[in-house]
Structure formats: structure tokens, C-alpha cells
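If you want the building blocks of each chain, they are given just below.
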Amino acid sequence: MRLSVLWKAPAINPVNKKALSIPVLNPVDKYGRTFFFSTFGFMIAFLSWYAFPPLLTKTIKHDLNLSQKEVGNSNIMALVATCIVRLATGPLCDRFGPRYVFAGVLLTGSIPTALAGTITDARGLLILRFFVGILGASFVPCQVWSTGMFDKSVVGSANALMAGIGNAGGGITYFIMPAIFDSLVHKQHLTPHVAWRVAFIVPFILITSTALGMIFLCEDTPTGPWSERHLHAMESAHQAVNEGKIVDATGHITELPAADNESGSGSFIATDKDVEARKTKSNIEAERIEKIAESEIIQAPTFMEAISVIFSLQSLLLSAPYACSFGGELAINSILGAYYAKNFPKLGQTNSGRWAAMFGLLNVFCRPAGGIIADIIYRATKGSVIAKKFWLIFVGVTMGCICICIGILNSHHQSTMIGLVACLAFFMDAANGANFAVVPHAFPYANGILSGCVGAAGNFGGVIFAIIFRYNGDKYGRSIWILGVIMVSVNLAVSWIRPVPKGQLSQ
């Protein structure tokens, strides 16, 4: 791959008008703008969603007189809201388009973020963190928007890059929120009681400005407004057939079989039979292209269609591992600073938070790695979605084994612990990236529903794992090895399921 694809306008699939590369550094191009706003929007949402934990360890806990159980309950509440709203945003994306849903989620979540300073007790914290949890649902329109703009040959990489950089917001917040708080205390001379409340104005401003940018500067689909996607998609397919161009599963543009009676060389004269055979082959290929284009058009779902997708085996194959990988990431993200502070008390709140931030920041590299490797495997196996699935299962089982190792060792040697957590971050984040490299293949006509279902499963897993941490108190090692056993068992249990329903086009 040439580095120039990072800033050049991408080549376009003539059938669906989706990009065949990812112009990460080109916000002028419409595909690059989608990448920028989708990525930055999710990162800011994640930063605000997890803005409480860095200050909860000491400052907010002391100011509101919270017990450890009340802190744990607030972490759970933040995940419950996201789980519910993610389920709702999936069908909304299919009906109204991911761009407006994305902006709506951000603007709605910005309101409780701005009101963070009004909290006075544990009950207020629970209520506010529930509504701030709405921001976590931004992941669903982020992935649906990406899938609508980037071809299947690169969509695993695009989804993983957006989500990976976005998830890093959970690590960045461990630097930003303490830094804002420290600045307000030491430079603006505010009391800690006031400073942590004022600090939440910063994410509110970032969320609001990003949402407005999406509304006024971006497009719904490669061909225009969401309401006209059916018309433009089929027009593009017919145009590609007329021009004699197709794109295979690996992203290579090739020519349709010729239907005329031109000979390939002077020594061959085509008979009527040859011409007819070539016409038949061309017509079959053209019909197949139109079916593929039609199958990729997202439909406004009926209730029964949504139910059939949600309760399918393919949904289980993707939701169960994501509940383990993303759910595990959310739960561990919430307690990691406290875990480091317990095992290494000399670090203090700020330094424990900074080391814990590494776990989230590694998303920038590790989640994209999961999607990029999935795309490489997909191209190397000539478009095998099953090969992508086995990569997903491999990284899922490996992350579970590392959790078991961390929990049993419960190391008090700082380098050992941080090294193990870094290894866990790679496989856990890669599992997240690998999962959404498979999602676009399963039900392309209901991508929003499936993305919402899988995304909600991630938060449901986070709730379950947070409850495990809640009832084990500060015995973090024991909780983590329990998580590891669950992760290994669940990934192996679903490994037999086909990633694409039998009889469905899987390109």
C-alpha cells in the first residue's frame, strides 16, 4: 500500500460508489470528511462518557462522600444507558441515516455533560451518569456511517481506525480531565469542590461544536441524501454494468466479459455460438452485480425484520464475543486507575490515572490492527468471511487467557503488571476491530440494526463485568481472572456459527 492513499482522493467502486481506500489525512474529500468527523465525534463522546473515572478515584469521591459501592454503582449506571440507547440507535440509523442520528446523540449527551457541576450527592451522580451514558451510543452511527462510505475490501480497516482512535478518548480523558482540574486549582485558584465541576464545561463545548460540524459539513451517503439512497445506488449499479466494470471482493476493478463478436486475435473467428455464450456470461455477471448492489442498500426496517436479525445466529456470533471484548474494556477502564493505586500506592491519583490511560490510548494502534489484519486475511483468502471469523475467535480466546494470567498473578511489580495490561490491550482492542470487520458482511441491508445489537451487547457485557467488579470490591485480580474464564468460554462456544446466512451474497 502506498502512503499517498492517506491524503489522495480514493478510487471509487463504480457499483456502489464507496471508497476503495481511506483518505485519513484528506478532510477536503467527502470520504475524508466522513472519516474525520466520525472519528473525532466518537473520540469526544468517549472522552466525555469516561470523564468521571479519572476524578472519581479521589476528588469527586471525597467531595460527595461516596463509598466504594456507590462509585461502582455509578460505573454500572453509565453502561446501562448506553446499552439501551445503542439498541435504539441501530434502527434509527437505518431509517433516518447515521449522520443525523450521530449528531442527535452528541447534542443530547452534551446537556447532562454541561450539568455535571450540579451534582450534590450519590443519587445525583447516578442519575447524571445515566444520561451522560447516552454518548456511548455514538459508536453505532459511527460504524454505520463508515460502512456506508467505504467498500467491503477496506471497511474492516476503516471501522477499526475510526473506533480505535475514538476509543482512545477513554485514555485521553485520564490526561485531560486531571490536567484541567489541576490547572483550575493551581492556576485559577479554584477550590477542588468547584474545579471538578467547572472542568466538565470543556467536553460540552467540544461535543457541541463537533455535532454542528457533522450537520453542516458532511454527507449522508456517497451519492447524496439518505432519502435518495435507493435511487442513486441502483443507478450506479446500472452505470457500472453499462461501462463494463466490476469490483471483486478484494477491491480490484476488472472488466465485464465482452458480449460482442470481436476476436481476441486474427487466428480466431467467433461463431454465433461463442457470441451467444459470451452474451449469456455477461448478462449473468451484470445481474449478479445488480443483486449485490441491491443487497447493500440499507432498508427502513419493519419490526419483524429487526427481530429476525437481532435473534439470528450471526447476531449471536458477533454479539457474544463483543460483549466480552468491548465489555471487558469498559469494565477494566473504569477500575484500572484504582487497581494501580491499590497495588502501587506510591503512584497517587494523577500518576495512577496516567498509567491507566495507556490502556485506552493503545486503542489508536491495537483496534485498527484487528481490522487491518482482518482485511489482509480477507484479501489473501480471496474474500473469505469465514477466515475473518476465525481471526476474531483467535484474538478473543487469547485476550481471555491474558486476563486469567493477570488475575492469578495479581502482580505488585509495576513493570510486570503494566506489560501484561499492554498485552491485554492489544488483543482486546484487536478483537473489537476484528468484530466490526465481520459485521458489514452479515446483514448489509440491516447494518444499523446489527451494529446497534452488537454495540449494545458490548455495553451489556460491560454491565455484567462491572457487577463482577462491584461484588468483589477491591479484589481486582480475582475479578479479572473470572472475566478471563468467561471470555475464553464464550468465544469457543460460538466459534461454529457461519458468519453469513446460508444462501446470502457475501461479497
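Novice: Got a minute to help me understand the pattern of salt bridges in this structure?
Specialist: Two side chains bearing opposite charge may form a pair once their charged atoms approach each other closely. One pass over the full model with this rule turns up 4 salt bridges. Asp220 is the partner of Arg99 in a salt bridge, and the nearest nitrogen-oxygen pair spans 2.9 Å. One end of the pair, Arg99, is in helix α4 (residues 98–114); the other, Asp220, is in the loop between α10 (201–217) and α11 (229–243), with 121 residues separating them in the sequence. Like Arg99, the residue Asp220 is buried in the burial classification. Notably, a salt bridge pairs Lys388 with Asp375, separated by 3.5 Å at the nearest N-O pair. With Lys388 in helix α17 (residues 385–409) and Asp375 in helix α16 (residues 363–380), the pair connects residues that are 13 residues apart, well separated along the chain. Comparing Lys388 with Asp375 shows no difference in burial state: the two are buried.

Novice: Before we go on, may I ask you to explain a nonpolar patch on the surface in this structure?
Specialist: Taken together, Val194, Val198, Ile201 and Ile205 make up a surface patch of nonpolar side chains, about 290 Å² in accessible area. Those elements giving two or more residues to the nonpolar patch turn out to be α9 (192–199) and α10.

Novice: Quick question: what am I supposed to make of the nonpolar core here?
Specialist: In globular proteins that are soluble, nonpolar side chains generally tend to be buried together. By size, the foremost hydrophobic cluster in this structure holds 115 residues, and its most contacted members are Trp49, Phe52, Phe150, Trp196, Ile332, Tyr340 and Leu424. Per element, the largest residue contribution to this core is 16 residues, and it comes from helix α18 (residues 414–442). With residues near it in sequence (within four places) discarded, Tyr340 still touches Pro345, Leu347, Ser352, Trp355, Ala356, Met417, Ile418 and Val421.

Novice: Looking at this structure, I do not really get the layout of surface pockets. What am I missing?
Specialist: Taken as a whole, the second largest pocket encloses approximately 360 Å³ of empty space. Around the second largest pocket, the lining is made up of 22 residues, and of these Gln68, Val71, Gly72, Asn75 and Ile335 lie nearest the centre. Each residue belonging to the lining of the second largest pocket can be placed in one class, and the counts come to 12 nonpolar, 7 polar and 3 charged.

Novice: Please clarify how the packing of α17 against helix α20 (residues 476–493) should be interpreted in this entry.
Specialist: Helices that pack against each other are described as a pair by the angle of their axes relative to one another and the distance between those axes. Packing of α17 against α20 leaves a shortest axis separation of 7 Å and a crossing angle of 160°. Viewed along their axes, α17 and α20 adopt a mutual orientation that is roughly antiparallel. The handedness of the crossing between α17 and α20 is left-handed. Facing α17, whose interface residues are Leu392, Ile393, Gly396, Val397, Met399, Gly400, Cys401, Cys403, Ile404, Ile406, Gly407 and Ile408, α20 presents Gly477, Ile480, Trp481, Gly484, Val485, Met487, Val488, Asn491 and Leu492.

So, how was this worked out
Residues numbered from 1 in each chain as written. Predicted model: local features only at pLDDT ≥ 70, side-chain atom pairs only at ≥ 80, totals over all residues. Heavy atoms only, no water. Salt bridge = Lys/Arg side-chain N within 4 Å of Asp/Glu carboxyl O. Helix = DSSP H or I, 4+ residues; strand = E, 2+ residues; numbered from the N terminus. Buried < 20%, exposed > 50% of the residue type's maximum accessible area, 1.4 Å probe, protein only. Patch = residues over 30% accessible without salt bridge, like charges linked within 9 Å, V, L, I, M, F, W, Y side chains within 5 Å. Areas by Shrake-Rupley, 256 points an atom, 1.4 Å probe, with all protein chains shown as cover. Core = buried A, V, L, I, M, F, W, Y, C linked by side-chain atoms within 4.5 Å. Contact = heavy atoms within 4.5 Å. 1 Å grid on protein atoms, 1.4 Å probe; cavity = no way out; pocket = protein on both sides within 12 Å on 5 of 7 lines; lining within 4 Å. Points joined across faces, edges and corners; volume = space filled by probe spheres on them. Nonpolar A, V, L, I, M, F, W, Y, C, P; charged D, E, K, R; others polar. Axes fitted to C-alpha atoms, helices over the stretch in contact; angles between N-to-C directions. Parallel < 35°, antiparallel > 145°, perpendicular 65-115°, else oblique. Left-handed = near helix turned anticlockwise from the far one by under 90°.

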